[in-house]
Amino acid sequence: MTEPIIVIVIVYLFLGYCRLLDRTKHQRRENVIYIGALLLSFYLSFLFITGTDGFNLNDLLDWPFEMPARGILKFFTS
Amino acid sequence: MRKVEAVGNWQMIILFQAFITGSSILNIQGPLIGIAQNGAWISILIINAFSFFILALILRLHERYPDESYIQYSKKLLGKPLALILGVPLLLLLFHFNANITYGMGQFFTTSMMKETPLYVFHFLILMVAGLTVRSGVEVMARMFNGLLFFVLFIILLIFLLNITHYHPKFLFPVVPNGWKPILHGAYVGFGFPYMDIMYFAMILPFLKREKDKPFKRWMYAGLLFNGLILAFTIVASLMILGPIAMSEKFPIYQAARIIEIGEIIQRVESVFGMALIIGSYMKITMMLFIINEVMTQLFNLSDKRAFVFPNALLVFLFSLTMYENEVELGESGSIMETILAFFLAFVPLVIVTIRSLFTNKSS
């Protein structure tokens, strides 16, 4: 668990450094989306550090399309 | 990224080739041979023929709106709300595919060549370099990938050339061992990767410098045909070298590189394949990251493109580490889900936009 924490800390330090370098007058919308992306990354970092199998992007995309995809696979393999 | 960036015709064609051939030349043989067996080369040629239709749609829209990307003319043609409804799933799809490519590259190294190294080391390093390249802009990418693409092609051809004594043409028969269904299944899988990627390239086309005296469309079609032929060649060569073993290998070219033995000097050059895989994956991940950044900034009207490169790279990094627990899950995602996702979230919106453009005056 220590190694993933170190990796994540390094990644966020790197990201923070880049944000400082890019510091210009950002629009409000830009800040909102940037913070949104960061919040999502915090959730994913939590999953990565703890090694838990939480809800993820593949689950979101599988939800509406998995049944038809399995149906097509069944057609081709039957 | 500077405000005005443009690449020439030839550079754009090289970028296109790097995008569709760069990583597929190393990844596609295993899954396709696994599904279509000896007929895998027919699968790739079938889907390559269909992909001309996708390229024709993209080039038609580009001809009509030369200075705009797919997201920009979608907004114009469908209106902002509908463009947002179609664009957000496309953005998620791009994140998903880029994470898959990253995971595929990392998995290869942790299961075959560098088994003690943790997965996140490969993902972190390749995405950091990809992020830095995207921040440098499309011109730098075009200049860099020119040499790198030829290097990858050279390595692949060298592996097949050094295997010259191992070819067994009899392994190619029967060409259709289990009927046409597996071949059509192979073509179906090939639609999701690599051929639907042509549509994502519509985000890079507006960077083309207008050189009307030089044929651009013709060379793009020729590039696509070249891609189909070279992928079919690598499949045929893998089948001739490995025979039935190729059907259970994820990377047949890697196995082909392992059995090279010319005297005692040239033996087991699989590490060279590893180099080619890194370069191919790097080109693909970089261009996908560039496209993700373009889609995100244009979809939400963000002016500072550079600011979002590293957050996007971070998301791809974390998605690639948390989406799958093992290689089997990635394989299932690639062969079962990728095509249907690409069809509904990328191809259908593209057709809708194209049909809408037919009924719209350019001035409006």
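In case you missed it, the structure is sitting above this.
Predicted, not measured: the structure shown is a model, and the values here were computed from it. Along every chain, residues carry numbers that run from 1 in the direction the sequence is written. A letter from A marks each chain and a number from 1 marks each ligand, given out in the order of writing. Note on the predicted model: pLDDT of at least 70 is required for a residue's local features to be given, and 80 or more for side-chain atom pairs to be given and counted; whole-chain, interface and lining totals, by contrast, use all residues. Side-chain measures here rest on the full set of heavy atoms in the structure, leaving out hydrogens and waters.

Comments concerning the overall build of chain A
This is how it is decided: Labels follow the DSSP assignment, with helices taken as runs of H or I lasting at least four residues and strands as runs of E lasting at least two, numbered in each case from the N terminus. Note on classification: 1.4 Å probe, protein chains only; a residue is buried when its accessible area is under 20% of the maximum for its type, exposed when over 50%, partly exposed between these limits. Under the convention used here, a 1.4 Å probe and the Shrake-Rupley method define accessible areas, while residue burial counts only the protein chains that appear.
Each helix and strand counted, chain A has three helices and zero strands in total. Counting helices and strands in the order they occur from the N terminus, chain A gives α-α-α. The C-alpha extent of chain A, read off along each of the three principal axes, is 55 × 35 × 15 Å. Every one of the 78 residues in chain A was classed for burial, and the buried ones make up 36%. Surface exposure of chain A reaches about 5300 Å², of which carbon and sulfur atoms provide 70%.

As for the pattern of salt bridges
Note the cut-off: A side-chain nitrogen of Lys or Arg and a carboxyl oxygen of Asp or Glu constitute a salt bridge if their distance falls within 4 Å.
Summed over the entire model, instances satisfying the criterion amount to seven salt bridges over all chains. Note that Lys76 of chain B and Glu68 of chain B form a salt bridge whose closest N and O atoms lie 2.6 Å from each other. Classification of Lys76 of chain B by relative accessible area gives partly exposed; the value is 44%. For Glu327 of chain B, the salt bridge is made with Lys250 of chain B, and the minimal N-O distance between the two is 3.6 Å. Of this pair, Glu327 of chain B sits in helix H15 (residues 327-358) while Lys250 of chain B is found in the loop between helix H11 (217-242) and helix H12 (252-258), placing the two residues 77 residues apart along the sequence. Judged by its relative accessible area of 32%, Lys250 of chain B falls in the partly exposed class. One salt-bridge network, held together by shared partners, links Glu66 and Arg70 of chain A together with Glu332 of chain B.

Thoughts on helix H1 (residues 2-21) of chain A
Rules: One less than the number of residues in a helix, times 1.5 Å, gives the span that helix is expected to have. Here, the arc refers to the directions that run from the helix axis to the C-beta atoms. In what follows, a contact means two residues having at least one pair of non-hydrogen atoms within 4.5 Å.
The end-to-end C-alpha distance of H1 of chain A, which contains 20 residues, comes to 29 Å, matching closely the 28 Å that a straight helix rising 1.5 Å per residue would cover. Turning to H1 of chain A, its buried residues are Pro4, Val7, Ile8, Val11, Tyr12, Leu15 and Cys18 of chain A. Viewed end-on, H1 of chain A has its buried residues packed into an arc of 130 degrees, placing them on one side of the element. Of the exposed residues in H1 of chain A, the ones pointing more than 90 degrees away from its buried face are Thr2, Leu13, Leu20 and Leu21 of chain A. Buried residues along H1 of chain A sit in contact with helix H2 (28-50) of chain A together with helix H7 (119-136) and helix H14 (309-322) of chain B.

What to know about the packing of aromatic side chains
The criterion, for reference: The rule is short: rings of Phe, Tyr and Trp, with Trp giving its six-membered ring, pair when the centres are within 6.5 Å, and they are stacked under 30 degrees, edge-to-face over 60, tilted in between. In this scheme, Lys NZ or Arg CZ marks a charge over a ring once it lies within 6 Å of the ring centre and within 35 degrees of the ring normal.
Under the criterion given, the structure shown has 36 aromatic pairs over all chains. Between Phe16 of chain B and Phe201 of chain B, the aromatic rings sit 5.2 Å apart at their centres with planes inclined by 65 degrees, giving edge-to-face as the arrangement. On the criterion of sequence distance, the pair formed by Phe16 of chain B in helix H1 (residues 9-21) and Phe201 of chain B in the loop between helix H10 (197-200) and H11 is long-range, its members being 185 residues apart. On the basis of relative accessibility, which here comes to 0%, the residue Phe16 of chain B falls in the buried class. Among the aromatic residues, those joined into a ring-pair cluster are Phe65 of chain A together with Phe50, Phe53, Phe191, Phe343, Phe344 and Phe347 of chain B. Directly above the aromatic system of Tyr34 of chain A lies the positively charged group of Arg19 of chain A, at a separation of 3.8 Å from the ring centroid. The lysine or arginine in question, Lys284 of chain B, covers the ring of Phe19 of chain B, its NZ or CZ lying 4.3 Å from the ring centre.

A look at the nonpolar core
Side chains of nonpolar character tend, in soluble globular proteins, to be buried together. For clarity, the cut-off: Grouping buried Ala, Val, Leu, Ile, Met, Phe, Trp, Tyr and Cys residues that are joined through side-chain atoms within 4.5 Å yields what is termed a nonpolar core.
Residues Met12, Leu15, Tyr70, Met199, Tyr200, Phe201 and Phe273 of chain B are the most contacted members of the largest nonpolar core, which totals 163 residues. It is helix H13 (residues 270-299) of chain B that contributes the most residues to this core, 16 residues altogether.

Quick look at the packing of helix H6 (residues 80-113) of chain B against H15 of chain B
All names here are of chain B. Just so we agree on the cut-off: With axes taken as lines fitted to C-alpha atoms, and helix axes fitted only over the stretch in contact, angles between N-to-C directions fall between 0 and 180 degrees. When an angle is under 35 degrees it counts as roughly parallel; over 145 it counts as roughly antiparallel; between 65 and 115 it counts as roughly perpendicular; any other value is oblique. It is the rotation of the near helix from the far one that decides the hand of a crossing: anticlockwise by less than a right angle makes it left-handed, clockwise makes it right-handed. Three classes are used: nonpolar for Ala, Val, Leu, Ile, Met, Phe, Trp, Tyr, Cys and Pro, charged for Asp, Glu, Lys and Arg, and polar for all others, with Gly counted as polar.
Across the interface, H6 lies against H15 with an axial gap of 10 Å and an inter-helix angle of 155 degrees. With respect to H15, the axis of H6 lies roughly antiparallel. With respect to the hand of their crossing, H6 and H15 are arranged in left-handed fashion. Between H6 and H15, the contacting residues are Leu86, Pro89, Leu90, Leu93, His96, Phe97, Asn100, Tyr103, Gly104, Gln107 and Thr111 on the first element and Glu327, Leu330, Ser333, Glu338, Leu341, Ala342, Leu345, Ala346 and Pro349 on the second. Here the residues of the contact of H6 with H15 are counted per class, giving twelve nonpolar, six polar and two charged.

Remarks on the interface of chain A and chain B
Stated formally: What gets called buried area is simply the loss in accessible area from a 1.4 Å probe that two parts show on being joined, summed for both.
With 43 residues of chain A in contact, the opposing surface of chain B contributes 41 residues. Summing both sides of the interface, chain A and chain B together bury roughly 3900 Å²; the carbon and sulfur share of this comes to 76%. If you sort the residues of chain A by the area they bury against chain B, Leu57, Phe65 and Phe76 of chain A come out on top, with a joint share of 16%. At the boundary of chain A and chain B, one finds one salt bridge. Notably, a salt bridge pairs Arg70 of chain A with Glu332 of chain B, separated by 3.4 Å at the nearest N-O pair.

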